[in-house]
Amino acid sequence: LTGGSGTVYALEVNRNFPNVVFAGTESGRVWRSADFGITWTDITTGLPGRIINDIAADPTNPKRAFATVGGFNTAHLWEWTESGGWVARGADLPNIPANTAVMLSGSELFVGTDVGVFRSVDGGVTNLPFVDGLPKGLVVTDLKYSGTLNKLTAGSYARGAWQVSLDPVSPILIFDSIVQPLVEIDGDGD
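Residues numbered from 1 in each chain as written. Predicted model: local features only at pLDDT ≥ 70, side-chain atom pairs only at ≥ 80, totals over all residues. Heavy atoms only, no water.

Should pLDDT be low for a region, the predicted coordinates there are not to be read in detail. On average, residues of the chain score 88 in pLDDT, and 87% of them reach the 70 mark or higher. Every residue in residues 171–179 is under pLDDT 50, and counting partners more than four places away or in other chains gives zero contacts. (pLDDT = per-residue confidence, 0-100. Contact = heavy atoms within 4.5 Å.)

This part takes up the sheet that holds strand β6 (residues 64–69). Ordered by their spatial adjacency, four strands build an open sheet running β5-β6-β7-β8, and the pairing between neighbours is antiparallel. The outermost strands of the open sheet, each flanked by one partner alone, are β5 (52–57) and β8 (85–89). Each neighbouring strand pair of the sheet contributes to a mean axis angle of 25°, computed without reference to strand direction. Two strands pair when backbone bridges link them, and β5 and β6 are joined in this way by five bridges, in the antiparallel orientation. Within β6, the residue paired with I55 across the bridge is A67. (Pairing = 2+ DSSP bridges. Helix = DSSP H or I, 4+ residues; strand = E, 2+ residues; numbered from the N terminus. Axes fitted to C-alpha atoms, helices over the stretch in contact; angles between N-to-C directions.)

Written out as structure tokens, the structure is:
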């Protein structure tokens, strides 16, 4: 995976499709396996040749992932799809290294950078600061999501770990069918 030199910096197993595994290297290469890591395909083409700090697999689509890259003066968040290759995302992220990412759903993504956490609800197209109790300028080196606890944990450089409860990822289903016709019963239009 490293071409004989360097280090694997990122290893991501898709939490809903565990046969899909991604690996990112110090030399800027990204590999994908669809068979639990037995065979690998190099999917690097299109990336800027920077350290791959982290990879976030889409829990709703095994053919999609995001990679964060180090360095300056390049896009720091990249989206990969099997049909489209790599596309730069996060144009509104600051020009600093992106260290980590985690996907909660097909549209909700968190990115940890050298100045804090950013949240996207549109698949990485737009990103807003996600402070929610974090110290200003916090260097976030790792993000983990617990679906059972619905908590996001941010590991930092020299400032410890921080944890926040999140809103549910998807709406709660109350009814799974509706019988027609609907009839107004109280007269107030609800």
